[in-house]
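# Chain and residue survey
Listed below are the residues making up each chain.
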Amino acid sequence: MVTKAAIEPVWWLPGVAKRFGCSENDLRRVLFEETGGMYPELVTRSDLEIFLPPIGGQTVYIFGDPRDLANPQVELTARVHDECNGSDVFGSDICTCRPYLTHAIEECIQASQRGGVGLVSYSRKEGRALGEVTKFLVYNARKRQLGGDTADQYFARTECVAGVQDMRFQELMPDVLHWLGVKKIHRLVSMSNMKYDAITGSGIEVGERVNIPDELIPADARVEMDAKVAAGYFTTGALPDADELKKAKGRGL
């Protein structure tokens, strides 16, 4: 009993501006400028309050009865997953995206078999919303750097290529959960501190956080995992120290 739904983002500009703590005029001006002037109506038609942003949408998979998502008494296992074409589709082992997603699907199925409900929300935010070309440039930089692929240089390589570590904007991410009526996630299959903070900050209660089992982490992805845990990702294990982060664990060229 699996339900799949594709969802497009729709922004009501007065409400978005209020949430961001800025004026609607400032929001319209910034959106107009940051989209290269593609939407002149943002600044010429203040009567148009709805904006369809040129960003990727989401696909949600619901395991069990969709009506149970809004019932906090029914156990909900959920994962909010950001797109990773290289791993999710083509099976690259440089990151944990595919095995973590697969693990989350298994957890959601088990939750529904226990009488609960499972939810996977799949967002189009390829390469930390930097795009796949940028992501592959970062991968190449990591593999070619002196000393090998190490966790202590994981985020630095992204900054060298893209200028920032991450372009994902998680503040609006929980909207789809609220739209589905979610009030409590009993088991959140995610280690991301940014996603956890955004979900709980929006008023959704989170019970247990489920990390990816060590045996599911590919050897080449240990660099990513060590770097993220050191940067604040949730873990039930020990934090890697500075010496551990400097060890080259990624596969060489």
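For the structure itself, look to the data block above.
Our subject in this report is the structure included herewith. (Residues numbered from 1 in each chain as written. Predicted model: local features only at pLDDT ≥ 70, side-chain atom pairs only at ≥ 80, totals over all residues. Heavy atoms only, no water.)

## Some words on the overall build of the protein
On a plain count of helices and strands, the protein comes out with 11 helices and 8 strands. Over its C-alpha atoms the protein spans a radius of gyration of 20 Å, differing by no more than 12% from the 18 Å that the globule rule assigns to 253 residues. Taken along its principal axes, the extent of the C-alpha atoms in the protein is 55 × 50 × 30 Å. With 253 residues in all, the protein has 46% of them scored as buried. When contacts within the protein are restricted to residue pairs at least 6 apart in sequence, long-range pairs at least 24 apart make up 70% of them. Total accessible area on the protein is roughly 13,100 Å²; 53% of this is exposed by carbon and sulfur atoms. Computed over 30 positive and 36 negative side-chain charges, the inter-centroid distance for the protein is 2 Å. (Helix = DSSP H or I, 4+ residues; strand = E, 2+ residues; numbered from the N terminus. Rg over C-alpha atoms; globule rule 2.2 N^0.38 Å. Buried < 20%, exposed > 50% of the residue type's maximum accessible area, 1.4 Å probe, protein only. Contact = heavy atoms within 4.5 Å. Areas by Shrake-Rupley, 256 points an atom, 1.4 Å probe, with all protein chains shown as cover. Lys, Arg positive; Asp, Glu negative; His and termini not counted. Charge placed at Lys NZ, Arg CZ, Asp CG, Glu CD.)

## Some thoughts on the layout of surface pockets
Summary: where empty space remains is shown by rolling a probe the size of a single water molecule over the atoms. Size it by volume and the largest pocket reaches roughly 1,100 Å³. Surrounding the largest pocket, 35 residues form its lining, Trp 11, Pro 53, Ile 55, Phe 169 and Leu 172 being those nearest its centre. Mapped by element, the contributors of at least two residues to the lining of the largest pocket are β2 (11–12), α1 (13–20), α2 (24–34) and α8 (175–179). Residue contributions to the lining of the largest pocket peak at 4 residues, all from α1. Class assignment for the residues of the lining of the largest pocket results in 21 nonpolar, 6 polar and 8 charged. Looking at the second largest pocket, its volume works out to about 230 Å³. Lining of the second largest pocket is provided by 15 residues; of these, Asp 214, Arg 222, Val 229, Thr 235 and Gly 237 occupy positions nearest its centre. Per-class residue counts for the lining of the second largest pocket are 8 nonpolar, 4 polar and 3 charged. (1 Å grid on protein atoms, 1.4 Å probe; cavity = no way out; pocket = protein on both sides within 12 Å on 5 of 7 lines; lining within 4 Å. Points joined across faces, edges and corners; volume = space filled by probe spheres on them. Nonpolar A, V, L, I, M, F, W, Y, C, P; charged D, E, K, R; others polar.)

## Overview of the side chain of Thr 77
Looking at where Thr 77 falls in the secondary structure, it is placed in strand β5 (residues 76–82). When its relative accessible area of 0% is taken as the criterion, Thr 77 is described as buried. Apart from the residues lying within four places of it in its own chain, the contact partners of Thr 77 are Glu 107, Cys 108, Ala 111, Arg 114, Val 117, Gly 118, Leu 119, Arg 187 and Val 189.

## Brief notes about the nonpolar core
One finds Leu 69, Leu 76, Leu 119, Leu 177, Val 182, Ile 185 and Ile 199 to be the most contacted residues of the largest nonpolar core, which totals 21 residues. When residues of this core are traced back to their parent elements, those giving at least two are β4 (58–63), β5, β6 (117–123), α8, β7 (184–188) and α9 (193–201). Each residue touching Ile 185, except ones within four places of it in the same chain, is listed here: Leu 76, Ala 78, Leu 177, Ile 199, Ile 204, Glu 205, Val 206 and Gly 207. The next biggest cluster of nonpolar side chains, apart from the first, holds 11 residues, and it includes Val 189, Val 210, Val 229 and Tyr 233. (Core = buried A, V, L, I, M, F, W, Y, C linked by side-chain atoms within 4.5 Å.)

## Quick look at empty space enclosed by the protein
Enumeration over the complete set of coordinates arrives at 1 cavity of 30 Å³ or more. Of the volumes computed, that of the largest cavity is approximately 440 Å³. Taken together, 30 residues make up the lining of the largest cavity; nearest its centre are Cys 97, Arg 128, Arg 168, Glu 224 and Lys 228. Of all the secondary-structure elements, those providing two or more residues to the lining of the largest cavity are β5, α5 (97–113), α6 (132–144), α7 (154–162) and α10 (222–230). A class-by-class count of the residues in the lining of the largest cavity yields 12 nonpolar, 6 polar and 12 charged.

## Focus: the packing of α6 against α7
One can describe the packing of α6 onto α7 by two numbers: an axis separation of 9 Å at closest approach and a directional angle of 125°. Here α7 runs oblique to α6, going by the angle between their axes. Judged by the twist between their axes, the crossing of α6 over α7 is right-handed. Residues Thr 134, Leu 137, Val 138, Ala 141 and Arg 142 of α6 lie in contact with α7, whose contacting residues are Tyr 154, Arg 157, Thr 158, Val 161 and Ala 162. Partitioned by chemical class, the residues of the contact of α6 with α7 number 6 nonpolar, 2 polar and 2 charged. (Axes fitted to C-alpha atoms, helices over the stretch in contact; angles between N-to-C directions. Parallel < 35°, antiparallel > 145°, perpendicular 65-115°, else oblique. Left-handed = near helix turned anticlockwise from the far one by under 90°.)

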